Amino acid sequence: ATEIRKTLLDGEVTSTTGRGGQAAKEHYRLNSPLAAIAVLGTEYTVKVSNDETWVTVHSGEISIAKLGGSCQRFS
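## Notes on the overall build of the protein chain
A count of helices and strands for the protein chain gives one helix and eight strands. The linear arrangement of helices and strands in the protein chain, starting from the amino end, is β-β-α-β-β-β-β-β-β. Within the protein chain, buried positions represent 32% of all 75 residues. Contacts spanning at least 24 positions in sequence make up 40% of the contacts within the protein chain whose residues lie at least 6 apart. With the model as given, the accessible surface of the protein chain reaches about 4,800 Å², and the carbon-plus-sulfur share is 45%.

## Here we look at the sheet that holds strand β2 (residues 11-16)
Strand pairing in a sheet relies on backbone hydrogen bonds. The paired strands run either parallel or antiparallel. Strand order across the open sheet formed by three strands is β2-β5-β6, with antiparallel pairing between neighbours. Across the chains shown, the open sheet's two edge strands, defined by having one partner strand only, are β2 and β6 (52-59). For this sheet the average axis-to-axis angle between neighbouring strands, irrespective of direction, equals 15°. Here strand β5 (residues 43-49) pairs with β6 via seven bridges, running antiparallel. Residue pairing for β6: Ser49 is matched across the bridge by Glu52.

## Focus on the side chain of Ser32
Counting through the fold element by element, Ser32 comes out in the loop between β3 (28-31) and β4 (35-39). With near-sequence residues (within four places) excluded, Ser32 lies in contact with Leu8, Val48, Thr53 and Leu67.

## Some details on the packing of aromatic side chains
If you walk through the whole model with that rule in mind, you get zero aromatic pairs. The positively charged end of Lys47 is found above the aromatic ring belonging to Trp54, 5.6 Å away from the centroid.

Conventions adopted
Residues numbered from 1 in each chain as written. Predicted model: local features only at pLDDT ≥ 70, side-chain atom pairs only at ≥ 80, totals over all residues. Heavy atoms only, no water. Helix = DSSP H or I, 4+ residues; strand = E, 2+ residues; numbered from the N terminus. Buried < 20%, exposed > 50% of the residue type's maximum accessible area, 1.4 Å probe, protein only. Contact = heavy atoms within 4.5 Å. Areas by Shrake-Rupley, 256 points an atom, 1.4 Å probe, with all protein chains shown as cover. Pairing = 2+ DSSP bridges. Axes fitted to C-alpha atoms, helices over the stretch in contact; angles between N-to-C directions. Phe/Tyr/Trp six-rings, centres within 6.5 Å; stacked < 30°, edge-to-face > 60°. Lys NZ or Arg CZ within 6 Å of the ring centre and 35° of its normal.

All quantities given are derived from atomic positions and should not be read as evidence of function.
Pasting the structure below:
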């Protein structure tokens, strides 16, 4: 029943998923103005600026989808 949702409107965040992220891989999501990012047990950095979203994966993998689009997996 765990669900983790974050929203980043502007700036930069680095996060490492812990037990909550591991327990809720299918329910962990970070939204930026342009994309939804599903985290699959990983360490990542997301930067949002000037209507652009950059994602750096330090370890593990993520799934990212343009809002309204289909997911692509990156590691």
